[in-house]
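Structural description and commentary
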Amino acid sequence: MLNSDTEGANANKIRKSPSLSIILPTQIDGGHSYQLPANVKAIVPNDVPYEIIVVHYSREDGKNNDLDKDEVSEMTIENQTKLVKSVEPRHVYVPGQFAAAVMKGIENSSGQFILAMDADFPYPEEVLTNLAKELITSPNSIIIASRYAKGSSMQRLPFMRSTISKGARIIVEHGLKVKDVKDPLSSCFGFSRHHIKGIQIKGTGNEILLEMLVKINKENEPNEVTVKEIPFEQKDTTFLKKL
């Protein structure tokens, strides 16, 4: 469970920290993920300092090969004047599922903005670029790469999987009262760190975005935090494993 009052690993350096923390959870070892750090760097808007944290999850030993956090932060700060386009990714390890990996990334991050994306999912680069820009320019919004928003397109799902997916969204909207969000189970989303300040997030299972939406909605006044969904066209069958 994360108490967001800690505001990440380097809360005392938040003023000097990277503006954008990109978290890449992956279950694939050996660099064969869809969202490789070298490619993800291209989505960062110009003049925005950033850091990339690759979180390897579903490892029983919880092995942690992370670099020294203070050393990494100072390296990033020193290079901010150079637009930090050569920042090396950090690798951390955590047992558990996708939500645990995102939480581990948040705990080890220090940016004012956090962008989490499933590194094993083939999100189109233009969608990620738009998501990053929206995140920086709309600091009071949660930005979601959406499979169901108007303008999105997916391959036809098998009947059973389609029924389960639709049922889950109905439960989310009516049972958990997360309304006007087409894809609350997305594995690619961004938000400002202050959105989760003081909120207890358990981070179990895979639906961490849903948990955040429910708790942020509960802690804030109506319309205080808005949600923006960016539709995308998905052609790769990999997404069938992620619904």
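This write-up is about the structure you can find in this document. (Residues numbered from 1 in each chain as written. Predicted model: local features only at pLDDT ≥ 70, side-chain atom pairs only at ≥ 80, totals over all residues. Heavy atoms only, no water.)

Ranked by size, the top nonpolar core spans 28 residues in total, and within it Ile106, Ile142, Phe189, Phe191, Ile208 and Met212 carry the most contacts. Of all elements in the fold, only strand S3 (50–57), strand S4 (90–94), helix H3 (98–107), strand S5 (113–117), strand S6 (141–146), strand S7 (188–192) and helix H6 (208–219) reach the threshold of two or more residues within this core. For this core, the leading source of residues is H3, giving 6 residues. Of all hydrophobic cores here, the second largest spans 27 residues; its members include Ile52, Leu135, Ile143 and Cys188. (Core = buried A, V, L, I, M, F, W, Y, C linked by side-chain atoms within 4.5 Å. Buried < 20%, exposed > 50% of the residue type's maximum accessible area, 1.4 Å probe, protein only. Helix = DSSP H or I, 4+ residues; strand = E, 2+ residues; numbered from the N terminus.)

The phi angle at Asp47 is positive, at roughly 70°, despite the residue not being glycine. Mapped onto the secondary structure, Asp47 falls in the loop between helix H1 (37–40) and S3. For Asp47, a relative accessible area of 55% gives the class exposed.

This part covers the side chain of Asp118. Note that Asp118 resides in the loop between S5 and helix H4 (125–137). A polar side-chain atom of Asp118 sits 2.9 Å from the main-chain amide nitrogen of Asp120. (Polar contact = N/O pair within 3.5 Å; in protein donor to acceptor, adjacent residues only side chain to side chain.)

Now for the environment of Leu115. You can see Leu115 is positioned in strand S5. Accessibility expressed as a relative area gives 1% for Leu115, which makes it buried. In the structure, Leu115 is positioned 92 residues away from Ile23 in sequence and 6.1 Å away in space, judged by C-alpha atoms.

To continue, consider the packing of aromatic side chains. The full count for this structure, using the stated rule, is 5 aromatic pairs. Plain terms: the ring middles of Phe121 and Phe232 are 6.3 Å apart, the flat faces sit at 90° to each other, and that makes the pair edge-to-face. With Phe121 in the loop between S5 and H4 and Phe232 in the segment after strand S9 (226–231), the pair connects residues that are 111 residues apart, well separated along the chain. The same class applies to Phe121 and to Phe232, which are both buried. Feature note: the residues Phe121, Tyr123 and Phe232 constitute an aromatic cluster, connected by ring pairs. (Phe/Tyr/Trp six-rings, centres within 6.5 Å; stacked < 30°, edge-to-face > 60°.)

Right, let's get into the pattern of salt bridges. Per the stated rule, a full pass over the model turns up 4 salt bridges. One salt bridge connects Arg147 with Asp183, and the closest N-O pair in it is separated by 2.8 Å. In this pair, Arg147 is assigned in the loop between S6 and helix H5 (159–175) and Asp183 in the loop between H5 and S7, connecting sequence segments 36 residues apart. Owing to a relative accessible area of 8%, Arg147 belongs among the buried residues under this scheme. Relative accessible area serves as the criterion here: at 1%, Asp183 is assigned to the buried category. Taking the shortest distance from any N to any O, the salt bridge between Lys215 and Glu211 comes out at 2.8 Å. (Salt bridge = Lys/Arg side-chain N within 4 Å of Asp/Glu carboxyl O.)

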